[in-house]
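# Commentary on secondary and tertiary structure
If you want the building blocks of each chain, they are given just below.
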Amino acid sequence: MTKRQDMETASRLAAIVGYDEVLASMAELLESARRTAARATNAIMTATYWEIGRRIVELEQGGKERAQYGKALLQRLAADLSEKFGRGFSVDNLETMRIFYQTYTNICSTPSSEKSETLSRKFTVNEIACKFPLPWSHYVLLVRRPRSSEARTFYEAEALRGGWTVRQLA
């Protein structure tokens, strides 16, 4: 097809009544689906990091705030998880996951018989999104900066209400 034929075809398609509206509605549908998918993925990953923190605290430490061997455990976990999954599992990141769980301990209470089951199987995506409405990067800031629980609750609510970026939250 020549360039002229392409232009003529495009011109005829544009002349179809309602084409522009249908195109615009399809574009909005796709953009909405992408935003929803990104939020759902982030919520699932945040829930997964909470679960990793829970397992570090409750399974490896027997529920104690910090086990004597905690640093060695985190170093071993960091090495093994990084080898298997790549970046994102440094000792510092695992420590953040531990602190995240300790800060939000009661957010996803489950009977002890279900503890080995992953969150993605226990909750629907919408339930997870309700429990972790902010992106992981927001929670990292909220748990890593020393604040009172009242201040953390305030900033969490304001970030959610105002749609703050992580930079605005910082």
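Residues numbered from 1 in each chain as written. Predicted model: local features only at pLDDT ≥ 70, side-chain atom pairs only at ≥ 80, totals over all residues. Heavy atoms only, no water.

### Re the overall build of the protein
Spelled out, the test is: By the criteria applied, helices consist of DSSP H or I runs no shorter than four residues and strands consist of E runs no shorter than two, each listed in order from the N terminus. Working definition: with a 1.4 Å probe on protein chains only, accessible area under 20% of the residue-type maximum means buried, over 50% means exposed, and in between means partly exposed. Should any heavy atoms of two residues lie within 4.5 Å, those residues are counted as being in contact. The accessible surface values rely on the Shrake-Rupley method and a 1.4 Å probe; as for residues, cover is taken only from the protein chains in view.
Along the protein, the regular secondary structure elements total 9 helices and 0 strands. Listed N to C, the secondary structure of the protein is α-α-α-α-α-α-α-α-α in terms of helices and strands. Per-residue burial over the protein gives 27% buried out of 170 residues. The contacts in the protein between residues at least 6 apart in sequence include a share of 64% that link residues at least 24 apart. About 11400 Å² of surface is accessible on the protein, with carbon and sulfur atoms providing 56% of the total.

### Some words on the packing of helix α4 (residues 91–103) against helix α7 (residues 136–144)
Cut-off, in case you're wondering: Helix axes use the C-alpha atoms of the stretch in contact, all axes being lines fitted to C-alpha atoms, and the angles between their N-to-C directions lie in the range 0 to 180 degrees. Any angle that is under 35 degrees is reported as roughly parallel, and any over 145 degrees as roughly antiparallel; angles of 65 to 115 degrees are reported as roughly perpendicular and all others as oblique. Any residue that is not Ala, Val, Leu, Ile, Met, Phe, Trp, Tyr, Cys, Pro, Asp, Glu, Lys or Arg is counted as polar, Gly included; the first ten are nonpolar and the last four charged.
Between α4 and α7, whose axes approach to 9 Å, the crossing angle comes to 80°. Between α4 and α7, the interaxial angle falls into the category roughly perpendicular. Contacts between α4 and α7 pair Asp-92, Glu-95, Thr-96, Met-97, Ile-99, Phe-100 and Thr-103 from the former with Trp-136, Tyr-139, Val-140, Val-143 and Arg-144 from the latter. Residues that form the contact of α4 with α7 fall into these classes: 7 nonpolar, 2 polar and 3 charged.

### Looking at the nonpolar core
Test applied: In these notes, a set of buried Ala, Val, Leu, Ile, Met, Phe, Trp, Tyr and Cys residues joined through side-chain atoms within 4.5 Å is what counts as a nonpolar core.
In terms of nonpolar packing, the biggest core is built from 25 residues, with Leu-94, Phe-100, Tyr-104 and Tyr-139 touching the most fellow members. Mapped onto this core, the elements with two or more residues apiece are α2 (19–60), α3 (70–85), α4 and α7. Considering every element that reaches this core, the biggest residue donor is α4, with 6 residues. Those residues in contact with Tyr-139, other than ones at most four positions away along the chain, are Thr-46, Phe-100, Tyr-104, Lys-131, Phe-132, Pro-133, Leu-134 and Glu-156.

### With respect to the pattern of salt bridges
Under the convention used in this document: We count a salt bridge whenever a side-chain nitrogen from Lys or Arg sits within 4 Å of a carboxyl oxygen from Asp or Glu.
For the structure on display, the rule yields 6 salt bridges. Of the charged contacts in the structure, one is a salt bridge between Glu-28 and Arg-35, with a shortest N-O distance of 3.2 Å. Overall, the relative accessible area of 41% leaves Arg-35 in the partly exposed class. For Arg-55, the salt bridge goes to Glu-51, with nearest N and O atoms at 2.8 Å. A residue pair is termed a helical-turn pair when its members lie 3 or 4 positions apart in one helix, as Arg-55 and Glu-51 do in helix α2 at 4 residues. When its relative accessible area of 28% is taken as the criterion, Arg-55 is described as partly exposed. Beyond isolated ion pairs, a larger network of salt bridges with shared partners links Glu-51, Arg-54 and Arg-55.

This is a description of form; function is not addressed.
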